[in-house]
Amino acid sequence: MFSRSTLKAAAQSSRHSAFASSILFSGKAPRVSLLPDGRRSISMYGYTQAKALVYSKYGEPKDVLRLHKHSISAPHGTQVNLRLLTAPMNPADVNQIQGPAAVGGNEGAFEVISTGAGVKNLSKGDWVIMKRTGQGTWRTHAQLDESQLIRIEDKEGLTPLQVGTVSVNPVTAYRMIRDFCQWDMMRTGEEWLIQNGANSGVGRAAIQLGREWGIKTLNVIRQRNSPEETDAMKQELKDLGATAVVTEEELLSGGFRDMVKEITRQGREPIRLALNCVGGKNATALAKTLAPDSHMVTYGAMSKQPVALPSGLLIFKNLAFDGFWVSRWGDKNPQLKENTIKDVLQLTRAGRFKDIPVDDVKWNWNTEGPVLAESVQGTLGGFRSGKGVFTFTGGDE
Ligand SMILES: NC(=O)c1ccc[n+]([C@@H]2O[C@H](COP(=O)([O-])OP(=O)(O)OC[C@H]3O[C@@H](n4cnc5c(N)ncnc54)[C@H](OP(=O)(O)O)[C@@H]3O)[C@@H](O)[C@H]2O)c1
């Protein structure tokens with residue numbers, strides 16, 4: 001989210017930042033010269049025309065998101081001007097649509113289009129992602145200080161989608177698996193994690209990282225509209241490296257205990273970590289499968305139901321229940337976040353970390369705000385074929 005304080009800071013950091021001031025104070029945008037096709041975005045004064053999908057009050061995306069047109073000055077000092085390549089629409093982005101004027105979106109891949117004289121580590125054509133979440137990525141162009149950006153090394157082996165979706169979901173999965181469980185290195189391939197929302201971006205990342213690190217995964221998905229579709233989804237996750245995939249119905253059924261016993265060799269292979277992004281009965285059922293002294297990490301609440309835990313799990317099994325929020329973690333551990341991103345991108349280059357299925361929303365200079373807002377609204381429904389992703393196709397030179 002692009003908070004008011006961030007915008008103020010951006011405005012203060014550059015007296016020339018027409019972008020921040022135009023959003024904050026509705027100042028008159030400088031004159032710009034357009035090409036006949038309306039796509040030209042740089043004027044004779046060096047201003048870049050930009051559009052951002054902003055919101056200024058709580059509400060449904062379709063009601064509160066609007067397309068804000070503004071101008072970005074030529075970069076000064078250590079500033080860098082960027083052009084959007086790809087930015088996803090994550091559930092967390094939709095949850096955040098609240099508060100004062102802000103640009104939506106928390107991650108995305110941007111291309112450097114120009115740099116200020118004081119910029120040391122970036123040059124035109126580089127691909128970058130934002131160091132922190134909350135800076136607003138649903139915008140065609142941006143002006144940020146180079147200190148706020150991570151340069152993508154060796155971009156040749158990568159796509160904008162891979163770069164634009166790496167910093168939230170894969171990092172979340174990676175840190176939850178690494179930081180909440182002391183995996184026994186002597187038992188590689190004999191320990192398990194269980195997770196719900198297994199077909200989500202985070203879930204798919206957890207499956208693939210588990211496969212890489214020798215951790216078996218027991219994955220829960222929601223039943224699809226037909227048995228064939230459910231089987232296809234199960235197979236899709238198995239192809240990614242899932243050890244076992246079950247439906248929520250199976251998880252909540254009386255026979256699940258026996259099913260778990262069977263796949264974990266009568267419990268000799270312990271389930272040591274549960275990743276929960278659903279809540280409600282589903283989360284309780286995950287917790288019940290855990291071996292003593294294990295952890296359950298809650299990082300989402302898709303069912304909007306609270307997590308209810310039988311006291312016995314706390315008393316007799318000494319289970320620990322934690323929460324994880326990647327934005328907060330990343331702000332506290334910026335270097336570790338960068339290293340985690342590099343690790344995932346390395347796996348991606350090596351073909352060992354597959355792209356998420358996407359529902360591509362093309363955003364060109366003339367795309368209307370309501371069309372973009374509707375596509376964000378559309379991400380709220382279940383059983384989607386892929387994650388909504390904005391891909392900016394408008395011109396900028
Ligand atoms: N805490 C953090 O730092 C952090 C970071 C990243 C993501 N998250 C959270 O992680 C979750 C997944 O995010 P994502 O970006 O990976 O998601 P995504 O790829 O957009 O997928 C959404 C997932 O939520 C499931 N879902 C939707 N409504 C549901 C319901 N009512 N009950 C059960 N499952 C439901 C979907 O299952 P169907 O296919 O069956 O609809 C799908 O698996 C979200 O809750 C998000 O807020 C948290």
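So, how was this worked out
Residues numbered from 1 in each chain as written. Predicted model: local features only at pLDDT ≥ 70, side-chain atom pairs only at ≥ 80, totals over all residues. UniProt positions renumbered as here; feature names shortened; annotations may be inferred. Helix = DSSP H or I, 4+ residues; strand = E, 2+ residues; numbered from the N terminus. Expected span 1.5 Å × (residues − 1). Buried ≥ 20, exposed ≤ 12 C-beta atoms within 10 Å, placed from the backbone. Arc of directions from axis to C-beta. Pairing = 2+ DSSP bridges. Axes fitted to C-alpha atoms, helices over the stretch in contact; angles between N-to-C directions. Contact = placed C-beta atoms within 7 Å. Parallel < 35°, antiparallel > 145°, perpendicular 65-115°, else oblique. Nonpolar A, V, L, I, M, F, W, Y, C, P; charged D, E, K, R; others polar.

As annotated in an unreviewed UniProt entry, the protein carries the name enoyl-[acyl-carrier-protein] reductase and is attributed to Penicillium chermesinum. The UniProt entry for the protein carries the following comment under Subcellular location (unreviewed entry): "Mitochondrion". The Sequence similarities (unreviewed entry) comment attached to the protein in UniProt states, word for word, "Belongs to the zinc-containing alcohol dehydrogenase family. Quinone oxidoreductase subfamily."

Caption draft 1: Summary view of helix α8 (residues 227-240). Over its 14 residues, α8 runs 20 Å from end to end, which matches the ideal 20 Å to within 8%, given 1.5 Å per residue. Where α8 is concerned, the buried positions are Met233, Lys234, Leu237 and Leu240. For α8, the angular spread of buried residues about the axis comes to 120 degrees, placing them on one side. Away from its buried face by more than 90 degrees, α8 exposes Pro227, Glu228, Asp231, Ala232, Gln235 and Asp239.

Caption draft 2: Quick look at the sheet that holds strand β9 (residues 191-195). Spatially, 6 strands are ordered β11-β10-β9-β12-β13-β14 in an open sheet, and the strand pairing comes out parallel. In the strand order of this sheet, the two ends are held by β11 (244-247) and β14 (320-323), each with one partner. Strand-to-strand, the axes of this sheet are offset by a mean angle of 20 degrees, without reference to chain direction. Where strand β13 (residues 295-298) lies against β14, 4 bridges are found, and the strand directions are parallel. Residue pairing for β14: Val297 is matched across the bridge by Asp322. Those strands touched by helix α11 (residues 280-288) are β9, β10 (215-221), β12 (271-276) and β13, and its axis lies near 170 degrees from that of β12.

Caption draft 3: Spatial organisation of the packing of helix α6 (residues 169-179) against helix α14 (residues 334-349). Where α6 meets α14, the closest approach of the two axes is 10 Å, and the angle between their N-to-C directions is 105 degrees. Considering their axes alone, α6 and α14 lie roughly perpendicular with respect to each other. Taken together, the residues of α14 that come into contact with α6 (itself represented by Pro170, Val171, Tyr174 and Arg175) are Lys337, Thr340, Ile341 and Val344. The residue makeup of the contact of α6 with α14, split by class, is 5 nonpolar, 1 polar and 2 charged.

Caption draft 4: Region of interest: the pairing of strand β5 (residues 109-115). The buried count for β5 comes to 6 of 7 residues, which makes it a mostly enclosed element. Relative to β5, strand β3 (residues 79-88) runs antiparallel, the two sharing 6 bridges. Across the sheet, Leu82 pairs through a bridge with Val112, a residue of β5. One ladder, built from 2 bridges, connects β5 with strand β6 (residues 127-130); its direction is antiparallel. What sits directly across from Glu111, in β6, is Trp127.

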